Amino acid sequence: MLVKFNVNGDTVEVDVEPRVSLADCLRDVLHLTGTHLGCEHGVCGACTVIIDGEAVRSCLTLAVQADGATIVTVEGLSNDNALTPLQAAFRKHHALQCGFCTPGMITTAHALLTEEPDADAERVRDVLSGNICRCTGYVPIVEAVLEARAAYANPDKADAS
Amino acid sequence: MTSGMKRGNALIGQPIERVEDLRFLRGRGTFVADVNREGQLHAVIYRSPVAHGLLRSVDAQAALNLPGVHAVITAQDFGADVPVIPLRLQPLPELVPFRQPMLAHDKVRYVGEPIAIIVADTAAIAEDALDLIDADIDALPPITDRAGAELGDVLLFDEHGSNSAIEWNAVRGDAEAAFASADYTRRETFKVQRHAALFMEPRGFVAEWNANEEKLTVWGVAKVAFANRTILADTMALSENQIDMVEVDVGGGFGSRGEFYPEDFLIPFAARHLNRPVKWIEDRREHLLAANHARELECDVEIAATKDGKIIGLRGQSWANIGAYVRTNGSIAPRNAAQFMSGAYAIENIQLTTTSITTNKTPTGTYRGPGRFEGDFVRERLIDLAAKDLGIDPVEMRRRNLVSSDQMPYPLATMTPFESVTELDSGDNHALFDQCLAEFDWSEKVKLQGKLIDGRYHGVSIGCFIEGGAAGPSENARIVLELDGSYTVYLGSAAVGQGIQTIMAQIAGDALEVPFDRVRVLHGSTSHVKSGFGSFHSRSTVMGGSAIVLTAEALKDKIRDAVAPTLGCTPTEVTLDGGNASGPSGGVVSIMEVIGEPIEAEAAFLNKKYTYAYGSVAAHVAVDPKTGQVDVLEIGSTKDVGRMINPLTLNGQSVGSIVQGLGGALLEHLVYDKEGQLLTGTLADYLLPTAGDFPNIHSTVVELKPSPLNPLGAKGAGEGEIIPIGGIIANAVAAALVDFNVEPLELPLSPPNVWRLIETAQKT
Ligand code: FES
Ligand code: FES
């Protein structure tokens with residue numbers, strides 16, 4: 001089936017079998033391998049991408065469902081020159097070890113702070129509790145997201161791309 | 001010994017932000033699932049649906065008929081001798097019968113045991129073909145627990161005659177005499193539940209066979225690439241130099257990833273068999289069935305003490321449920337549970353035995369703090385039980401028994417078979433214990449002990465641990481001074497998410513006396529150095545880091561030799577400063593201009609003795625008696641690592657380790673039914689800690705007593721605070737529920753289990 005959507009600012013058209021997940025489509029067809037697969041059953045959050053502004057598990061979404069959507073992946077929240085304020089806060093707080101959960105954490109946190117730049121610690125923990133990290137114990141991730149709030153309160157600074 | 005670090009601490013000890021982060025944060029890491037080769041095929045594994053049975057035949061015809069399927073490989077394709085997974089550690093002859101074949105052939109012994117491998121154009125087609133495989137299995141009664149195993153009417157290995165594989169003995173002093181003379185003894189039975197490392201990136205491999213050059217390349221190795229290359233060479237009848245093992249980014253290991261599993265052989269075998277690159281990525285259910293499980297242990301242990309609380313003896317018997325086979329490191333946890341049960345405490349008389357029992361469950365292996373988490377649970381519980389019985393404050397009881405500085409080096413119990421002697425190398429347990437109490441504000445918090453506040457009972461506890469590190473025998477490094485004046489460090493150690501590129505660059509920068517950004521670290525792959533041992537037993541920093549220090553010295557000597565003639569002096573008179581060298585008379589030359597080509601040195605650091613980091617952990621919990629819910633209000637830890645390379649990453653290891661331990665203490669459980677079917681086959685059933693569970697964790701890491709055993713003075717510190725968490729949480733729960741006289745003897749302390757403890761206690 002032909003599916004057309006916008007990903008990270010580019011409009012793409014892909015020909016996929018109806019059973020192909022959005023995650024597989026992004027990774028295998030579009031080579032956007034920053035989106036990771038940790039469980040493929042909707043629990044770990046590693047595959048989280050932002051579809052029309054909302055954090056969504058791309059392993060539970062079929063590529064065909066994304067027809068007409070605007071998708072942002074971790075690659076779309078990054079640039080070549082410097083880390084974004086969110087990424088820099090993750091680095092400063094050592095909020096990643098193996099880095100496997102990190103793309104899902106970044107997309108989830110970005111979607112949250114874009115909507116709620118003043119989210120408090122409890123809210124941040126609550127939203128992130130859908131993303132599993134086995135390495136960090138979460139404490140530094142929460143610290144990083146809280147620190148990054150400042151940049152989202154002033155949207156110009158948070159804009160990565 | 002620290003001659004290589006003259007300028008001292010320019011980089012070592014600094015909280016340098018990691019170089020790895022720059023790619024991970026932007027989604028630019030390369031994990032094994034991101035590796036693709038031209039013309040690759042995809043593999044899936046057909047696994048046993050039953051726990052125990054005789055495998056009569058495998059009918060693969062329907063699967064083979066499916067368009068897009070290239071091959072179905074069964075054990076028959078291996079010829080008469082089906083290769084087995086060797087014992088990497090403790091390769092004792094007694095354990096030989098229990099090794100796992102790469103594919104089951106006569107019998108299946110656990111749900112998930114590989115029976116066949118299907119290779120197809122896409123993973124989806126291969127998965128479709130899975131349903132078309134027909135394995136004819138005569139089911140046998142499954143054994144899932146110790147009681148069943150001990151009956152002996154059903155045997156996993158008929159020719160062995162028993163389901164017990166081996167006994168491990170830890171002995172020190174004269175336990176019998178100590179118990180005979182003791183004022184006080186108490187004997188209890190304990191259980192630690194089966195759980196697992198469960199790293200977030202599923203395992204996977206891409207293998208490619210180059211028929212012209214007869215060379216094999218494998219992507220996706222981790223932890224022990226060199227050892228696995230040796231195993232692969234043996235089992236595929238290749239020489240080691242025909243194989244390249246390439247380490248790409250690794251999404252967590254914790255002891256489990258990187259051990260040699262059947263797939264480590266099957267995927268390369270399929271690639272050569274078909275002469276096409278073959279890729280396999282594990283799915284999560286498969287991971288829960290196939291990767292090493294850990295921790296399942298029952299103990300019947302007795303403590304002996306004087307009436308003033310001096311522990312004089314520990315004796316008893318443990319049973320490790322090791323699952324269906326002994327894999328590469330399947331003996332580590334059972335033996336450690338015996339040898340390290342005494343931990344940081346001076347217990348003079350020990351007689352502890354662990355029996356490794358085979359059952360129809362997934363084989364077990366190491367998981368962060370193997371055997372130590374289990375043993376510490378038992379010991380810390382027994383100390384609190386004894387303190388309560390003797391009317392001694394549990395804090396004071398610990399103080400009276402910790403190994404003191406003047407007892408160092410302090411020998412632990414001696415293990416047999418595979419005799420091993422080890423000693424605590426250095427440390428000041430008492431100072432660290434007091435620091436932990438102070439930082440935790442113990443004297444205030446202890447006032448809450450057993451109090452009911454807003455519907456929850458509060459409890460606090462503290463315990464101590466040791467962490468063995470720096471397992472030998474050696475690690476290799478090679479350092480090249482490149483034409484552009486930068487240094488490339490090649491290392492045998494492996495990355496498993498611990499930030500090795502950054503840490504090793506810090507050590508190398510200081511050792512070479514050059515800035516951080518002049519050093520590049522390449523590691524893990526077998527092509528970088530002559531040999532290497534990898535990352536396990538908290539060894540990378542100490543072993544790899546020390547290898548770098550020695551290699552840097554050797555390289556600097558070489559450079560001095562090379563530039564001395566130009567400077568008109570002797571090599572010892574040459575002073576190196578970044579890219580320049582100067583002589584005593586003031587002449588300065590550019591090293592590269594004199595040498596004109598890259599220059600390199602390679603060296604190995606050898607070490608047979610372990611380092612022992614040590615520390616204390618305190619916990620404050622609140623228990624809801626109506627639900628059994630245990631809330632962890634705070635954990636504070638203090639640990640001495642001798643020498644800290646990077647406080648940022650080290651604290652990260654500590655906090656991560658604590659939260660993993662809390663998972664094991666409170667949530668995680670691999671549950672089997674009586675048929676040997678795993679009931680917790682998804683992450684919705686197997687509960688891991690999430691961001692909302694344990695918000696208040698802090699760790700302190702100090703440099704109190706450098707290890708005398710290596711040029712850095714560092715002690716391995718990657719396993720860490722997970723070790724005592726089970727015992728500490730159980731003690732805090734007991735303290736909270738003191739009014740109910742609840743004494744937890746089993747993990748996990750999940751709400752239903754705690755609720756049942758309260759109910760039972762109220763009835764009696
Ligand atoms: S891979 Fe999608 S939630 Fe785990
Ligand atoms: S950093 Fe490894 S899973 Fe989060």
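Residues numbered from 1 in each chain as written. Chains lettered and ligands numbered in written order. Predicted model: local features only at pLDDT ≥ 70, side-chain atom pairs only at ≥ 80, totals over all residues. Heavy atoms only, no water.

Peer 1: Please clarify how the side chain of Thr364(B) should be interpreted in this entry.
Peer 2: Structurally, Thr364(B) is set in the loop between strand 15 (349–358) and helix 10 (372–390). Among the residues examined, Thr364(B) registers a relative accessible area of 8% and is labelled buried. (Helix = DSSP H or I, 4+ residues; strand = E, 2+ residues; numbered from the N terminus. Buried < 20%, exposed > 50% of the residue type's maximum accessible area, 1.4 Å probe, protein only.)

Peer 1: It is not clear to me how the nonpolar core should be interpreted in this structure. Could you clarify?
Peer 2: Side chains of nonpolar character tend, in soluble globular proteins, to be buried together. Counting 166 residues, the largest nonpolar core has Phe90(A), Leu662(B), Ile729(B) and Leu737(B) as its most contacted members. It is helix 18 (residues 722–736) of chain B that provides the largest number of residues to this core, a total of 9 residues. In terms of nonpolar packing, the next biggest core, distinct from the first, is built from 48 residues, Leu11(B), Val489(B), Ile507(B) and Leu555(B) among them. (Core = buried A, V, L, I, M, F, W, Y, C linked by side-chain atoms within 4.5 Å.)

Peer 1: Looking at this model, I keep getting lost on the environment of Ile16(B). Mind explaining?
Peer 2: Within the secondary structure layout, Ile16(B) lies in the segment before helix 1 (21–24). A C-alpha to C-alpha distance of 19 Å links Ile16(B) and Gly642(B), two positions 626 residues apart in sequence.

Peer 1: Can you walk me through the packing of helix 14 (residues 500–512) of chain B against helix 15 (residues 540–567) of chain B in this structure?
Peer 2: The axes of two packed helices give the description: the angle between them and the distance between them. All names here are of chain B. Running from amino to carboxyl end, helix 14 crosses helix 15 at an angle of 35°, the nearest separation of the two axes being 9 Å. In terms of crossing hand, the pair formed by helix 14 and helix 15 is right-handed. Contacts between helix 14 and helix 15 involve Ile-500, Ile-503, Met-504, Ile-507, Ala-508, Ala-511 and Leu-512 on the former and, on the latter, Ser-540, Thr-541, Gly-544, Gly-545, Ile-548, Val-549, Ala-552, Leu-555 and Lys-556. Looking at the contact of helix 14 with helix 15 residue by residue, the classes come out as 11 nonpolar, 4 polar and 1 charged. (Axes fitted to C-alpha atoms, helices over the stretch in contact; angles between N-to-C directions. Left-handed = near helix turned anticlockwise from the far one by under 90°. Contact = heavy atoms within 4.5 Å. Nonpolar A, V, L, I, M, F, W, Y, C, P; charged D, E, K, R; others polar.)

Peer 1: Got a minute to help me understand the environment of Asp77(B) in this structure?
Peer 2: Residue and element names in this part refer to chain B. Tracing the chain through its elements places Asp-77 in the loop between strand 3 (69–74) and strand 4 (107–108). Look at Asp-77 and you get partly exposed, because its relative accessible area is 37%. The spacing of Asp-77 and Ala-619 is 542 residues in sequence and 55 Å in space, taken between C-alpha atoms. Within the structure, Asp-77 has its side chain in polar contact with the backbone nitrogen of Thr-74 (distance 2.8 Å). (Polar contact = N/O pair within 3.5 Å; in protein donor to acceptor, adjacent residues only side chain to side chain.)

Peer 1: Just checking my understanding: could you explain the domain arrangement of chain B for this structure?
Peer 2: One frequently used descriptor of interface size is the decrease in accessible area upon assembly of the parts. Residue and element names in this part refer to chain B. Splitting chain B by domain gives domain 1 (32–140 + 210–249 + 257–279), domain 2 (297–470 + 609–763) and domain 3 (472–606). Of note, the centres of domain 1 and domain 3, computed from C-alpha atoms alone, are 39 Å apart. Contact with domain 1, which involves 11 residues of that partner, is made by 17 residues of domain 3. The contact between domain 1 and domain 3 buries some 1,100 Å² in all, and 54% of this surface belongs to carbon and sulfur atoms. The largest per-residue losses of area from domain 1 upon contact with domain 3 belong to Lys-223, Phe-226 and Glu-247, which jointly make up 62% of the total buried on that side. Counting across the domain 1 and domain 3 interface gives 0 salt bridges. Across the domain 1-domain 3 interface, the total number found is 2 residue pairs in polar contact (both at pLDDT 80 or more). Elements represented by at least two residues in the side of domain 1 that touches domain 3 include exactly helix 6 (225–235) and strand 11 (243–246). With 4 residues, strand 11 is the largest single contributor of residues to the side of domain 1 that touches domain 3. Taken together, the residues of the side of domain 1 that touches domain 3 break down into 6 nonpolar, no polar and 5 charged. (Domains from an automatic or database assignment. Buried area = accessible area lost by both parts, 1.4 Å probe. Salt bridge = Lys/Arg side-chain N within 4 Å of Asp/Glu carboxyl O.)

Peer 1: How should I be thinking about the domain arrangement of chain A in this particular structure?
Peer 2: Residues and elements named next belong to chain A. We note that the domain assignment places domain 1 (2–77) and domain 2 (85–156) within chain A. Taken over C-alpha atoms, the centre of domain 1 sits 21 Å from the centre of domain 2. Across the boundary between the two partners, domain 1 contributes 17 residues, which contact 13 residues of domain 2. Note on domain 1 versus domain 2: buried area summed over both sides is about 1,200 Å², and carbon and sulfur give 64% of it. The largest share of the area that domain 1 buries against domain 2 comes from His-36, Val-74 and Leu-77, three residues that together contribute 38% of it. Inspection of the domain 1/domain 2 interface yields 0 salt bridges. Remark: the boundary between domain 1 and domain 2 carries 5 residue pairs in polar contact (both at pLDDT 80 or more). Going through the elements one at a time, strand 3 (48–51) and strand 4 (54–57) are the ones with two or more residues in the side of domain 1 that touches domain 2. Sort the elements by how many residues they give to the side of domain 1 that touches domain 2 and strand 3 lands first, with 3 residues.

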